[in-house]
Amino acid sequence: MCRFTQRSSTLSFSKICNIFWRFHHTSTSHLCSCSKTVSDEKYQDPFQLGRKDLKNLYEDIKKELLVSAAELKEMCDYYFDGKGKAFRPMIVVLMARACNIHHNNSKEVQASQRSVAIIAEMIHTASLVHDDVIDDANSRRGKRTLNQIWGERKAVLAGDFILSAASVALARIGNTTIISVLTQVIEDLVRGEFLQLGSKENENERFAHYLEKTFKKTASLIANSCKAVSILGCPDPKVHEIAYQYGKNVGIAFQLIDDVLDFTSCADHLGKPTAADLKLGLATGPVLFACRQFPEMNAMIMRRFSKPGDVERARKYVLQSDGVQQTTYLAQRYCHAATREIRKLRPSPEREALVHLTEMVLMRDK
């Protein structure tokens with residue numbers, strides 16, 4: 001499985017389909033045992049453990065966004081309202097503690113490590129603002145988007161401002177290695193958006209394209225943020241790689257489940273319209289797996305579901321196929337890989353919380 005995780009972007013779609021087709025029919029009972037992963041370990045709630053280090057997180061973010069323009073301040077406050085789960089900062093502070101304990105049994109998060117958590121949330125939010133403009137989205141997290149309230153031009157500028165403030169906070173850390181690691185995230189976000197705007201004619205290349213886009217748009221931020229705090233807390237390159245691989249695998253799994261929820265969750269619960277990806281012309285994991293059973297979907301993918309009725313037909317095909325199940329199984333494999341990586345660190349409550357987090361990713365419903 002480690003080989004699969006590391007080389008998945010080079011596998012053809014047909015090979016991936018065959019792997020998971022066989023896996024579904026021979027090992028379903030094993031795959032569905034994910035809830036037992038930490039049954040023999042003391043239960044650790046990631047959000048409870050991370051609460052101390054995330055206290056006043058959004059207040060501190062707003063301090064980074066000091067601005068005299070009232071309207072720009074209002075736009076920033078609208079997104080950083082403190083109602084989010086702070087999923088990414090929580091992973092970052094837990095990884096920081098786990099690496100610190102592994103290195104010298106230090107149980108405190110360094111100020112610079114907490115800064116990485118703040119920067120990660122700012123970069124993530126800026127990317128959401130820009131995505132909403134590109135997608136002409138109406139809602140995000142259950143409320144109207146910035147571009148719907150203030151218009152596209154001002155929304156773009158607000159996203160730029162948040163990103164620039166994150167860059168200032170990053171420079172303040174004063175570590176060139178950390179700057180290099182986290183600026184890679186910004187490059188990946190841009191490259192990922194370009195990948196999303198394109199598509200592959202060869203159906204065997206589509207899944208590799210999809211996984212690469214998923215890494216750059218979603219997983220790179222988590223992977224590189226985890227790597228950054230490991231560098232700050234431990235000099236061992238092996239630990240840096242463990243942190244990176246954990247974040248990478250969890251990040252890809254998170255997006256795979258997000259793509260599943262686009263077909264299985266109601267709009268009110270999800271906080272955004274369902275079938276949104278199809279309406280944007282995007283072929284995600286469930287669609288690509290469904291093509292195995294419904295080859296006629298290939299033509300719809302190439303025209304990006306642009307003909308009348310394409311979105312409805314594609315959604316129907318996905319739900320009639322095993323595309324949702326296969327994508328879920330793939331997410332499970334990535335979570336299992338993340339668990340194997342993090343267990344290489346010295347035992348700690350934070351390590352076990354990061355293990356439990358992989359289960360939460362799989363079980364989430366919004």
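Presented here is a report on the structure given in the accompanying data block. (Residues numbered from 1 in each chain as written. Predicted model: local features only at pLDDT ≥ 70, side-chain atom pairs only at ≥ 80, totals over all residues. Heavy atoms only, no water.)

Some details on the packing of aromatic side chains
According to the stated counting rule, one finds seven aromatic pairs in the structure shown. Centroid distance Tyr58 to Phe80: 6.5 Å. Interplanar angle 45 degrees. Geometry classified as tilted. With Tyr58 in helix α4 (residues 57-64) and Phe80 in the loop between α5 (70-79) and α6 (87-104), this pair connects stretches of sequence that are 22 residues apart. Classification of Tyr58 by relative accessible area gives buried; the value is 11%. What links up through ring pairs into an aromatic cluster is the set Tyr78, Tyr79 and Trp150. (Phe/Tyr/Trp six-rings, centres within 6.5 Å; stacked < 30°, edge-to-face > 60°. Helix = DSSP H or I, 4+ residues; strand = E, 2+ residues; numbered from the N terminus. Buried < 20%, exposed > 50% of the residue type's maximum accessible area, 1.4 Å probe, protein only.)

Focus on the side chain of Asp310
Residue position: Asp310 is located in helix α17 (residues 310-320). In this structure, Asp310 is in contact with Met300, Arg303 and Phe305, ignoring residues within four places of it in sequence. (Contact = heavy atoms within 4.5 Å.)

Considerations on the pattern of salt bridges
Applying the stated rule across the entire model yields 18 salt bridges. Between Asp53 and Arg97 there is a salt bridge, with its nearest N and O atoms 2.6 Å apart. Placement of the pair is Asp53 in helix α3 (residues 46-54) and Arg97 in helix α6, with a sequence separation of 44 residues. With respect to class, Asp53 is no different from Arg97; both count as buried. With a closest N to O distance of 3.6 Å, Lys216 and Asp188 form a salt bridge. Of this pair, Lys216 sits in helix α11 (residues 203-233) while Asp188 sits in helix α10 (residues 176-197), and the two are 28 residues apart along the sequence. Neither residue differs from the other here; Lys216 and Asp188 are each classed as buried. Taken together, the shared-partner salt bridges connect Asp60, Lys63 and Arg114 into one network. (Salt bridge = Lys/Arg side-chain N within 4 Å of Asp/Glu carboxyl O.)

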